[in-house]
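# Topology and contacts: notes
These are the residues of each chain, in order.
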Amino acid sequence: MSGAEEIVTLTASQMVKAMQKGDLSSRQIVEAELETAKAVDPKTQSYLATCFNSAFMVADAVDQARALGQQLPDLAGVPIAIKDMIVTKGVETTAASKILKGWVPPYDATAVGKVKENGMPILAKTNLDEFAQGSSTENSAFHPTFNPWDLERVPGGSGGGSAAAVSSFESPLALGTDTGGSIRQPASFTGSVGMKPTYGRVSRFGAISMASSLDQIGPCARTVEDAAMLFDAIAGYDPKDSTSIPGCEPAALKAALEGKRGDLSGIRVGIISEASGEGFSKDVMDGFLRGANLLSSMGAKVEEKSFPHFLHGIQIYYVLMPAEVSSNMSRYDGMRYGLRVMPPDATASSMMAATREEGFGPEVKRRIMLGTYVLSSSQYEKMYAAAQKVRTVLIEDFKKAFQSFDVLICPTSPTTAFKAGEVEDPVTMYKNDIATIPANLAGLPAISLPVGLDDLGLPIGFQIMADRKKDELAFKVASALEEAVSRENDGPIWNKVPRLWKSGE
Ligand code: GLN
């Protein structure tokens, strides 16, 4: 499959250039991605539903418009996959839950609308942990997804499908959602780039709600530049989302290109001292510190910063997130969407109970129960109100830190990808997100990029957090680091992934 191989291993930005020069058509790209998905998806199981027919229609329309010399958006013709947590008009959207099986939304999420306005063919909906609750994509009600670097391992979660699709060349780009790390931790496990925008920079309209005060849609890609292009395409004020930030023009691509020049002089970088030690593997810490050294070699001023409440983020999260989950999940009542189970002599309440019993998986049920408990009158002050107060303390800590630092860095996740089935107890699973959750609680932009490989040849993720609305700065620093890492490793990390279309890989 040399032709297809050559096409699908291009980055999105290389695809853009090749199409603009007339060397490649969007139809050829979609064809190559289809061929790749046929060979690779049975192994990674990244996709839940595919929509190649409509993708070809979009590709042809773009190719025709280009042939007529029309001015097109940069990303026109570059395909994308969409996490099945984001609604797509006319294409089944399930959040990987039985309760939504068969639901075909009558509208598009704002981010999906923007993808379409940019002329990007949508290839597929990607797998996830049910309702984005998990860190391994093993909680999908339909099937797990596997890590292209080692098919016995998980791709992270909840957005394992988007990350695996991008890193296995099934799609150059994907959209994810990130409530506590679901874009960044899978990026770290799969050697790809994942970015959670500032809360409010990308509209949440049409993102299925998990925990509304934390959820954000963001880009998944193989390179920082590609993620930046996608960020620019989907960010912007949206009157349909009351938490959307007005007056913030996206300029991530410009920042990423600036970063590529490798000059970080004047940038103050804080290493979060607490994100180390227990739970963080030696390989991950070594890789992370190599990355930090690369930043200082490019002129950044890198210093340790003690962040006393950073690790409490996970405790705050596991009170507030389930509270919001329990409230958001109440809309799945068998009346309005998807599944309805009618027991004999059904009443409204027995129908609802039977539907929810059958429709929700164990992790979702666990969180509904936890959330209902922390919101109950006996626990509310002790648990929910207390967690809100500590959330404010954490936010204040960040505000103070950003007076002396431009970005804060730490490993994205404490370990590299673990084996499927290896982590059985939920609390151990929750700890995967110990370093990603604080950015959600404070609404900050944060990006994960690969910084090297561990002893087993698995990618290690490096996280860069910036102050609210400074998404572009995170892209700039990430892009500088990516160049330096690529120089150190004789080429980009993403390109070292096994080619799964070859037999035996
Ligand atoms: N893994 C985290 C959780 O299980 C984060 C999920 C997410 O970001 N959607 O809650």
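The sections below set out a description of the structure shown in this document. (Residues numbered from 1 in each chain as written. Predicted model: local features only at pLDDT ≥ 70, side-chain atom pairs only at ≥ 80, totals over all residues. Heavy atoms only, no water.)

Taken together, 15 residues sit near the ligand, with Thr179, Gly180, Ser182, Tyr317 and Asp433 positioned nearest. Protein contact buries 100% of the 290 Å² of open area that the ligand shows by itself. A breakdown of the residues in the shell around the ligand according to their chemical character gives four nonpolar, eight polar and three charged. (Near = heavy atom within 4 Å. Areas by Shrake-Rupley, 256 points an atom, 1.4 Å probe, with all protein chains shown as cover. Nonpolar A, V, L, I, M, F, W, Y, C, P; charged D, E, K, R; others polar.)

For helix H17 (residues 471-488), with 18 residues, the first-to-last C-alpha span of 26 Å sits near the 26 Å given by 1.5 Å per residue. The element H17 is largely enclosed, with a buried count of 13 among its 18 residues. In the stretch just after H17, Asp490 is the one whose phi turns positive, near 50°. (Helix = DSSP H or I, 4+ residues; strand = E, 2+ residues; numbered from the N terminus. Expected span 1.5 Å × (residues − 1). Buried < 20%, exposed > 50% of the residue type's maximum accessible area, 1.4 Å probe, protein only.)

This paragraph deals with the nonpolar core. Nonpolar side chains tend to gather and get buried jointly when the protein is soluble and globular. Counting 135 residues, the largest nonpolar core has Phe131, Leu175, Leu295, Phe398 and Ile464 as its most contacted members. The dominant element in this core, judged by the number of residues it contributes, is helix H11 (residues 313-328), at nine residues. The contact partners of Leu295, leaving out residues within four places of it in the chain, are Leu264, Val269, Ala300, Val302, Ile409, Phe462, Val477 and Leu481. Among the nonpolar cores identified, the runner-up in size contains 15 residues, and Phe56, Ala81, Leu123 and Ile183 belong to it. (Core = buried A, V, L, I, M, F, W, Y, C linked by side-chain atoms within 4.5 Å. Contact = heavy atoms within 4.5 Å.)

Judged by pairing direction, the sheet is mixed, and its eleven strands sit side by side in the order S1-S3-S2-S4-S6-S5-S10-S11-S9-S7-S8 without closing on themselves. What marks the edges here is a single partner per strand, and that holds for strand S1 (47-50) and strand S8 (301-305). Between one strand and the next, the sheet's axes are offset by a mean angle of 25°, whatever the strand orientation. Judged from the two bridges that link them, strand S2 (residues 80-83) and strand S4 (residues 173-178) form a sheet pairing that is parallel. For Ala81, the partnering residue across the bridge sits in S4 and is Ala174. (Pairing = 2+ DSSP bridges. Axes fitted to C-alpha atoms, helices over the stretch in contact; angles between N-to-C directions.)

If you check helix H12 (residues 348-359), its first and last C-alpha atoms are 16 Å apart, about what twelve residues at 1.5 Å a residue would give, namely 16 Å. Residues of H12 that are buried: Met351, Ala354, Thr355 and Gly359. Taken end-on, H12 shows its buried residues confined to a sector of 115°, consistent with a single buried face. Away from its buried face by more than 90 degrees, H12 exposes Ser349 and Glu357. (Arc of directions from axis to C-beta.)

Another aspect to go through is the packing of aromatic side chains. Summed over the entire model, instances satisfying the criterion amount to 18 aromatic pairs. With a centroid separation of 5.5 Å and an interplanar angle of 50°, the aromatic rings of Tyr107 and Phe205 are classed as tilted. Taken together, the residues span a long stretch of sequence, with Tyr107 in the loop between S2 and helix H5 (110-117) and Phe205 in the loop between strand S5 (193-196) and strand S6 (216-221) at a distance of 98 residues. In this structure Phe205 comes out as partly exposed when scored by relative accessible area, which is 26%. Summarising the aromatic geometry, the rings of Tyr332 and Phe360 are spaced 6.3 Å apart at their centres and angled 90° between planes, so their arrangement reads as edge-to-face. Linking Tyr332 in the loop between H11 and H12 with Phe360 in the loop between H12 and helix H13 (362-374), this pair joins segments that are 28 residues apart in sequence. Side by side, Tyr332 and Phe360 carry an identical accessibility label, which is buried. Among the aromatic side chains, those forming a connected cluster through ring pairs are Trp103, Phe131, Tyr332, Tyr337 and Phe360. Taking the ring centre of Phe142 as reference, the NZ or CZ of Lys101 above it sits at 5.3 Å. (Phe/Tyr/Trp six-rings, centres within 6.5 Å; stacked < 30°, edge-to-face > 60°. Lys NZ or Arg CZ within 6 Å of the ring centre and 35° of its normal.)

With respect to the helices and strands, the residue Asp425 is situated in the loop between strand S9 (407-411) and helix H15 (426-430). Among the residues examined, Asp425 registers a relative accessible area of 36% and is labelled partly exposed. A polar atom in the side chain of Asp425 sits 3.0 Å from the backbone nitrogen of Val427. (Polar contact = N/O pair within 3.5 Å; in protein donor to acceptor, adjacent residues only side chain to side chain.)

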